[in-house]
Amino acid sequence: MTNTHYTSTAKILHWLVAGLIVLQFVLAKLAENTDSPVRELALLANHKSVGITILALAVVRILWRFRNKAPALPANMPRWQVLSSHVSHWTLYALLFLIPLSGWLMSSASAYSVSWFNLIQLPDFVAPNPDLKETFEEIHELLANLLAAVALLHIAAALKHAIIDKDGVLSRMSSTATVALFAAVIVLGVYALALPGKPAPAATSSASDTETAASAADEPVASSTLPVWNIDYEASFIHFTGDQAGAEFDGVWQDWDAKLQFSPDDLASSRFDVTIRTAAVETQDDDRDATLSDPEWFDPKNYPEAHYRASRFSDNGNGEFVAHGQLSIKGNTAPVDLVFTVDSSGDERVLTGNAELLRLDLGVGTGEWEDTDWVSNEVSVAVRVSANLP
Ligand code: HEM
């Protein structure tokens, strides 16, 4: 840095961050006003990624600022102006940290983890908690409004220096190239991150499709003479994990029952018959749970139950078995292999298993939700069944 001007590094950081902040407001406002839930998800995911980028650049900027003194202000500048310039600059620096951090905390508290441009999933600082989410949302909004107000004052002061005082204060931090960078960040950012993506595909899971899909899993499994496990539902679960905007989320089916007949020594007579009530899905976020009850997702009003039925089993060795079953949801059926082990102690049995499935094979997440850029097609299911033999 010379005595009178900021260095190129400082100018680039300043105008880059300024452009990204404008982009942030555009993405947030577009997300707020869109009617499309997928577009909202995409815009907010991009908003989060840009916000994390701003946080990282703020760290670089503050380090630069501590190592490099800002050029002195004009000697004849009134004291109140010097003071207010210091206050507004440090307020802006503080907000560049506090706003992204409040957004990150809001996302953690709402069970929507943050992924940076679908490349790195960031850790969650707090456990999902709707009250905390509300609090961080209000803080985020308040601080963003404060940023807008301080930034407008900052711009007004810079223009006053350039147009009325003509004292060169604006040109210390700007050059044609850096102002062009500012404009390019906004234009390219809006083009790449805010414009609609692929057109929504037409809904594929129509009533006529589903009617024709009356399926193997809708048929009861053939009877077996093996004893039926007495399941302890409190100690058992069916979990699933999906990927939303590059970040994992967990869900659990709260209401299910199962008729399990399994013996490692008699695979031919073994049977699984599981019924899941699709309305009782929980993903730690009320909005996402409500979306999952939409007709595009599980549509519990029309399809209250999903079934998993298996009567063919194989032995992988090492105590691992595979149930080659059929999963039926909304009248669509897909083969699903459940790989599992069974720990036995006396009459107690604990089955632990995993299955991988593709939601689109089952007509789950149709219409614009078929865009797997924002919600993965792959879903992992984890089950644990604790039971006694009668
Ligand atoms: C300097 C960086 C940021 C700025 C200037 C900014 C600004 C904003 C603004 C103006 C809104 C709309 C508030 C309203 O009027 O309702 C908003 C919403 C939001 N921001 Fe940020 N933000 C930033 C960083 C972040 C980060 C890093 C995250 C998450 C990692 C984030 C997550 C969100 C979310 C989830 C919403 C939507 C809240 C809702 O209505 O549900 N923001 N942001």
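Novice: How would you sum up the domain arrangement of the protein chain? Please name residues and give values.
Specialist: Looking at the protein chain, the domain boundaries give domain 1 (8-194) and domain 2 (207-388). Between the C-alpha centres of domain 1 and domain 2 there is a distance of 45 Å. Every contact between the two is made by 16 residues of domain 1 and, on the other side, 15 residues of domain 2. Taken together, both faces of the contact between domain 1 and domain 2 bury some 1,400 Å²; the carbon and sulfur share is 58%. Sorting the residues of domain 1 by area buried against domain 2 places Val38, Leu41 and Tyr112 first, and these three jointly supply 36% of that buried surface. For the pair domain 1 and domain 2, the number of links is zero salt bridges. Counting the contacts that link domain 1 with domain 2 gives five residue pairs in polar contact (both at pLDDT 80 or more). Looking at which element gives the most residues to the side of domain 1 that touches domain 2, the answer is helix 2 (residues 37-67), with six residues. When its residues are assigned to classes, the side of domain 1 that touches domain 2 shows nine nonpolar, seven polar and no charged.

Novice: I'd like a rundown of the nonpolar core, residues and numbers included.
Specialist: Ranked by size, the top nonpolar core spans 51 residues in total, and within it Trp229, Phe262, Phe272, Tyr308 and Phe340 carry the most contacts. Composition of this core by domain shows at least three residues from each of domain 1 (8-194) and domain 2 (207-388). Listed in part, the 22 residues of the second largest apolar core include Leu43, Leu57, Leu143 and Val150.

Novice: Residue-level account of the coordination of the iron atom of the ligand, with values.
Specialist: Around the iron atom of the ligand, the protein contributes the donor atoms His47 (NE2) and His140 (NE2), at 2.0 Å from the metal centre. Taken together, the six donor atoms coordinating the iron atom of the ligand and their angles of 87 to 179° define a geometry best described as octahedral. One end of the pair, His47, is in helix 2; the other, His140, is in helix 4 (residues 130-165), and 93 residues separate them in sequence. Side by side, His47 and His140 carry an identical accessibility label, which is buried.

Novice: Describe the pairing of strand 11 (residues 320-329), with residues and values.
Specialist: In terms of burial, strand 11 is a largely internal element, seven of the ten residues being buried. Where strand 9 (residues 305-310) lies against strand 11, three bridges are found, and the strand directions are antiparallel. From the neighbouring strand, His307 faces strand 11, where its bridge partner is Ser328. In this structure, strand 10 (residues 313-317) lies alongside strand 11, joined through four bridges in antiparallel fashion. Paired with Asp315 across the strands is Phe321, a residue of strand 11. Counting the residues between successive antiparallel strands, the hairpin from strand 10 to strand 11 contains two residues, one of them, Asn318, with a positive phi of roughly 50°. Alignment of strand 11 against strand 12 (residues 332-345), held across ten bridges, turns out to be antiparallel. In the sheet register, Ala323 faces strand 12, and the bridge partner there is Leu338. Where strand 11 hands over to strand 12, the hairpin turn is made up of two residues, of which Lys330 adopts a positive phi near 55°.

About the criteria used
- All residue numbers here refer to positions counted from 1 along the written sequence of the relevant chain.
- This being a predicted model, a pLDDT of at least 70 is required before a residue's local features are given, and a value of 80 or more before pairs of side-chain atoms are given or counted; all residues contribute to the totals for chains, interfaces and linings.
- Hydrogens and water molecules were not included; the side-chain quantities draw on all heavy atoms of the structure.
- Either an automatic procedure or a domain database provided the assignment from which the domain bounds are taken.
- The contact definition used throughout considers only heavy atoms, calling two residues in contact when any of these lie within 4.5 Å.
- By buried area we mean how much accessible surface two parts lose on assembly, using a 1.4 Å probe and totalling the loss over both.
- Any carboxyl oxygen of Asp or Glu within 4 Å of a side-chain nitrogen of Lys or Arg constitutes a salt bridge here.
- A 3.5 Å cut-off defines polar contacts: any pair of N or O atoms within that distance qualifies, except that in protein one atom must be a possible hydrogen donor and the other a possible acceptor, and neighbouring residues in sequence count only when both atoms are side-chain atoms.
- The way it works is that DSSP assigns letters per residue, a run of H or I at least four long becomes a helix, a run of E at least two long becomes a strand, and they are numbered from the N terminus.
- Residue polarity follows a fixed list, in which Ala, Val, Leu, Ile, Met, Phe, Trp, Tyr, Cys and Pro are nonpolar, Asp, Glu, Lys and Arg are charged, and the others, Gly among them, are polar.
- Residues grouped as a nonpolar core are buried Ala, Val, Leu, Ile, Met, Phe, Trp, Tyr and Cys residues, joined through side-chain atoms within 4.5 Å.
- Exposure classes here rest on a 1.4 Å probe applied to the protein chains alone. A residue is buried below 20% of its type maximum, exposed above 50%, and partly exposed in between.
- Sites may look incomplete because water is not among the atoms; the donors themselves are N, O and S atoms within 2.8 Å of the metal, or within 3.2 Å for Na, K and Ca.
- Under this scheme a four-donor centre is tetrahedral when all angles range from 85 to 135 degrees, a four-donor centre is square planar and a six-donor centre octahedral when opposite donors are above 155 degrees with the rest from 65 to 115, and any other centre is irregular.
- By this definition, two strands are paired if DSSP reports at least two bridges between them.

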